[in-house]
Amino acid sequence: MDKIVIEGGIKLKGEVEISGSKNSALPVLVSSLLADGKSVVHNVPGLRDIKTIKTLLKHLGIRIEDKGGDVYLDSSHLESFEAPYELVKTMRASVLVLGPLLVRFGRAKVSLPGGCAIGARPINLHLMGLEMLGADICVDHGYVFAEAKKLKGARIYFDTPTVTGTENIMMAAVCAEGRSVLENAACEPEVVELSVALNRMGANINGAGTDTITIDGVKELHPAEHTIIPDRIEAGTYMIAAGITGGDVLIKNFPFNYMDSIVMKLKEAGIFIKREGGLLRVTANGNVAHTNVKTLPYPGFPTDMQAQFMSLVSIAGGTSVIAETVFENRFMHVSELRRMGADISIEGHSAIVRGVPFLSGAQVMATDLRASASLVLAGLAAKGITEISRVYHLDRGCAKVKRIKA
Ligand code: EPU
């Protein structure tokens, strides 16, 4: 898909179903490296990032068969412990194979992820965790070389909660000798789901979803079956699509258990949200209230919803302050929203968004996945035509541009 052209100003009405979570599917697919044999993962979204991780897993020797959203993985013939630059550079989450490869091969060679549009995103905490578990780590010529005959349980404190860092170390520790305790661990639902998947494979993990995760090492894991949870960011993005257009959208497969911060902030912004049995109805009357937001690790407001929320409050009655505390450079969408008439200035880690009566369609450029989504939302609400280029970022994480059924 090269560009998206949107004729704005149409109230969205109808039903939409939320897909499986990208950021849950990635580590769960990777976890198949840990057990010898055949596993199945259901409800896997059809995204480019998922294709990338499958390509990497195939490169490592996993045989993969796809049947719709069901992915069958056979890890009986692992043949490589190397994640090459070509694959890691297109998707940082490829670094998740580091822990599992170390467990299976006693060594791993994984390319260091390069630069990123939203921040420096180092992996020092992944490496620190592996070192604490007894691995020898060396970084040379752009690659991480890790080696450990047998990993040993340890207490590991993360300076800052890291989602993929917690997942990587959790996977490394499942078969370590003795007990590992991860402190200041990430509490995201995707971390919890990975622990559920690993426990189904025979691991002994407790406390996932809190900031202290305890892992008692087991001898080995066995393959298992797992179903991916609905994507909370996709759900939040559709809620804003309804809100920003003054629409009426019924959402199926809504992840009620882990949407509190998003639901509360959208209510504060004047969006009407009502549970109807197993579905969620989101309606709006075109008036958006100014609302301050601060991104934080879960259960705080997710950084992955910041750009979309900014589009919403760009047409609020009043000024909103959006503070980004997770990534240092996640305001690339601001200059594009300004091209559409938004009045936003950046002061340090905060964006000051002075609501304008309406946005105007314009030619804009996507810079990362969530920024792309924010431009689509702005385009839906804007007067006239919006043309978004570089939408390959969107293909990474949005299942398809879904048709909302009227
Ligand atoms: N950090 C470090 N050192 C590390 C690891 C992280 O300093 O070793 C810092 C980061 O620079 C950042 C903070 O810790 O400032 C949190 O980053 P985290 O490691 O949690 O991010 P991540 O695991 O690389 C995942 C998601 C991101 C999401 C963030 C935050 C996946 C595959 N990716 O990234 O999703 O924004 O958590 O919630 O789970 C997206 O889907 O568009 C996306 C970017």
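This one's a predicted model, so the numbers in the text were calculated from it and none came from an experiment.

## Re the pairing of strand β21 (residues 350-354)
Consecutive residues of a regular strand have side chains that alternate between opposite faces of the sheet. Burial analysis of β21 places four of its five residues in the buried class, which makes it a mostly covered element. In this sheet, β21 lies alongside strand β19 (residues 319-323) in antiparallel orientation, the contact comprising five bridges. Within the sheet, the bridge partner assigned to Ser-320 lies in β21 and is Val-353. Where strand β20 (residues 343-347) folds back on β21, the antiparallel hairpin that results is connected by two residues, among which Gly-348 adopts a positive phi of roughly 60°.

## Examining the sheet that holds strand β17 (residues 279-283)
A sheet is described by the order of its strands in space; here four strands give the open sequence β2-β15-β17-β16, paired in mixed fashion. Strand pairing shows two members of the sheet lacking a second neighbour, β2 (13-17) and β16 (272-276), which therefore form its edges. The sheet shows a mean angle of 20° between the axes of neighbouring strands, taken without regard to direction. Relative to strand β15 (residues 248-252), helix α8 (residues 232-244) is tilted by about 165°, and along the sheet it contacts β2, β15, β16 and β17.

## Observations regarding the site of the ligand
Asn-124, Thr-162, Thr-164, Asp-304 and Val-326 are the nearest of the 23 residues found near the ligand. At 2.9 Å from an oxygen atom of the ligand is found a side-chain nitrogen or oxygen belonging to Lys-22. Between an oxygen atom of the ligand and a side-chain N or O atom of Asp-304, the distance comes to 2.6 Å. In isolation the ligand offers 830 Å² of accessible surface; the protein chains occlude 86% of this area. The residue inventory of the shell around the ligand, partitioned by class, reads eleven nonpolar, seven polar and five charged. Split by domain, the residues of the shell around the ligand number at least three in each of domain 1 (3-19 + 230-397) and domain 2 (22-227).

## Observations concerning the domain arrangement of the protein chain
Here the protein chain is partitioned into domain 1 (3-19 + 230-397) and domain 2 (22-227). The straight-line distance from the C-alpha centre of domain 1 to that of domain 2 is 31 Å. Contacts between the two partners involve 20 residues from domain 1, matched on the other side by 17 residues from domain 2. Of the roughly 1600 Å² buried between domain 1 and domain 2 on both sides combined, carbon and sulfur atoms contribute 52%. Between domain 1 and domain 2 we count one salt bridge in total. Salt-bridge contacts for Arg-232 lead to Glu-190; the nearest nitrogen and oxygen are separated by 2.8 Å. At the junction of domain 1 and domain 2, the tally comes to three residue pairs in polar contact (both at pLDDT 80 or more). Only α12 (369-381) and α13 (392-397) provide two or more residues apiece to the side of domain 1 that touches domain 2. Considering each element in turn, the side of domain 1 that touches domain 2 owes the most residues, four residues, to α13.

Procedures and definitions
Residues numbered from 1 in each chain as written. Predicted model: local features only at pLDDT ≥ 70, side-chain atom pairs only at ≥ 80, totals over all residues. Heavy atoms only, no water. Buried < 20%, exposed > 50% of the residue type's maximum accessible area, 1.4 Å probe, protein only. Helix = DSSP H or I, 4+ residues; strand = E, 2+ residues; numbered from the N terminus. Pairing = 2+ DSSP bridges. Axes fitted to C-alpha atoms, helices over the stretch in contact; angles between N-to-C directions. Contact = heavy atoms within 4.5 Å. Near = heavy atom within 4 Å. Polar contact = N/O pair within 3.5 Å; in protein donor to acceptor, adjacent residues only side chain to side chain. Areas by Shrake-Rupley, 256 points an atom, 1.4 Å probe, with all protein chains shown as cover. Nonpolar A, V, L, I, M, F, W, Y, C, P; charged D, E, K, R; others polar. Domains from an automatic or database assignment. Buried area = accessible area lost by both parts, 1.4 Å probe. Salt bridge = Lys/Arg side-chain N within 4 Å of Asp/Glu carboxyl O.

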